[in-house]
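Single-letter residue listing:
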Amino acid sequence: MTDSQPRIGRAIDALEAARSEQYRFLARMLSASPDREMLNQIAGLQGDETPMGRAFTALADAAKTADHARVEREFFELFIGVGRGELLPYASFYQTGFLNERPLAILRDDLSRLGVARAKGRHEPEDHIAILLDVMADLIAGDIAASPDMQAAFFNRHLAPWAAQMFDDLAIAPSAQFYRPLAEIGRLLTDIEARAFQLAA
């Protein structure tokens, strides 16, 4: 979604790796419809008895019976549409009611300070939910040089004010079927991260 210079990398523990992978997975699913290979991979996921584990199990069950063309159409209806999709997953829209507003300008300033530039060939505004999730994955993995406090600041400024509401809206969107359990995963991750950053403050 975005390019960071330089990509430094660092050793991370299992918990951080899992956090980064969850952000990355959500970013991938919200940036494009999953192809057949990815649907097969999702169908093989196994969750545990935690709320997050049950949400992943529900998504895996949905993938087992999913028709690729139908999921592709669902993604189109949800996020693209004819004119616009059922959802506009942008920070500016959720926080102001309009696209390309002040939240986007603030985000661009923060991304510039982090050394992150728009990836070539990407034209959507940087405050798209998938891009923000990708940035969080990079921050956690160490692909963008940032302290835990900087992770928290980015999350609290650019995701906490609106991401949970967006996932709630996704869960009840008219076209959402396959994407409904993904909405639960996103809502849970947002809640878990918000609580963790509050405790660490």
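Reference entry: report on the structure contained in this document. If you're wondering where the values come from, they're calculated on a predicted model, not measured in any experiment. (Residues numbered from 1 in each chain as written. Predicted model: local features only at pLDDT ≥ 70, side-chain atom pairs only at ≥ 80, totals over all residues. Heavy atoms only, no water.)

### Here we look at the nonpolar core
As a reminder, the rule being used: What we call a nonpolar core is a set of buried Ala, Val, Leu, Ile, Met, Phe, Trp, Tyr and Cys residues that are connected through their side-chain atoms within 4.5 Å. Residue burial is assigned from relative accessible area. The probe radius is 1.4 Å, only protein chains are included, and a residue is buried under 20% of its type maximum, exposed over 50%, and partly exposed in between. Helix and strand definitions follow DSSP, with helices as H or I runs of at least four residues and strands as E runs of at least two, each counted in order from the N terminus. Only heavy atoms enter the contact rule, under which two residues are in contact if any of them lie within 4.5 Å.
Leu30 and Tyr179 are the most contacted members of the largest nonpolar core, which has 57 residues in total. Sorting elements by how many residues they give to this core places helix H7 (residues 129–141) first, with ten residues. Setting aside anything within four residues of it in sequence, one finds tyrosine 179 in contact with Met29, Leu30, Ala32, Ser33, Pro34, Val71, Glu74, Phe75, Leu78, Phe79 and Leu170.

### Thoughts on the packing of aromatic side chains
Stated precisely, the cut-off is as follows: Centres within 6.5 Å are what make two rings of Phe, Tyr or Trp a pair, Trp counting through its six-membered ring; a difference in plane orientation under 30 degrees is then read as stacked, over 60 as edge-to-face, and the rest as tilted.
This model, assessed by the stated rule, comprises eight aromatic pairs. A centroid spacing of 6.1 Å and a plane angle of 50° characterise the contact between phenylalanine 75 and tyrosine 179, whose relative ring orientation is tilted. Taken together, the residues phenylalanine 75 in helix H4 (residues 68–79) and tyrosine 179 in helix H10 (residues 179–200) connect sequence positions 104 residues apart. You'll find phenylalanine 75 and tyrosine 179 in the same group, each marked buried. On the basis of an interplanar angle of 35° and a centroid distance of 5.4 Å, the ring pair of tyrosine 94 and tryptophan 162 is categorised as tilted. You can see tyrosine 94 sitting in helix H5 (residues 91–96) and its partner tryptophan 162 sitting in the loop between helix H8 (148–158) and helix H9 (163–172), a full 68 residues away along the chain.

### Describing helix H2 (residues 36–43)
Using the following cut-off: Read the arc as the range of directions from the helix axis to the C-beta atoms.
Turning to H2, its buried residues are Met38, Leu39, Ile42 and Ala43. Down the axis, H2 shows its buried residues gathered within 145° of arc, on one side only. H2 presents Glu37, Asn40 and Gln41 as exposed residues on the side facing more than 90 degrees away from its buried surface. For H2, the secondary structure elements touched by its buried residues are helix H1 (14–31), helix H3 (51–64) and H4.

### Focus on the packing of H9 against H10
Operational definition: Only the stretch in contact is used when fitting a helix axis, every axis being a line fitted to C-alpha atoms; angles between N-to-C directions are given from 0 to 180 degrees. By definition in this entry, angles of less than 35 degrees are roughly parallel, angles greater than 145 are roughly antiparallel, angles of 65 to 115 are roughly perpendicular, and the rest are oblique. In this scheme, a crossing is called left-handed if the near helix is turned counterclockwise away from the far one by less than a right angle; it is called right-handed if the turn is clockwise.
The N-to-C vectors of H9 and H10 enclose an angle of 160°; their axes lie 8 Å apart at closest approach. With respect to each other, H9 and H10 are oriented roughly antiparallel. Judged by the sense of rotation from one axis to the other, the crossing of H9 with H10 is left-handed. Together, Ala163, Ala164, Phe167, Asp168, Leu170 and Ala171 of H9 and Tyr179, Arg180, Ala183, Gly186, Arg187 and Thr190 of H10 make up the contact between the two elements.

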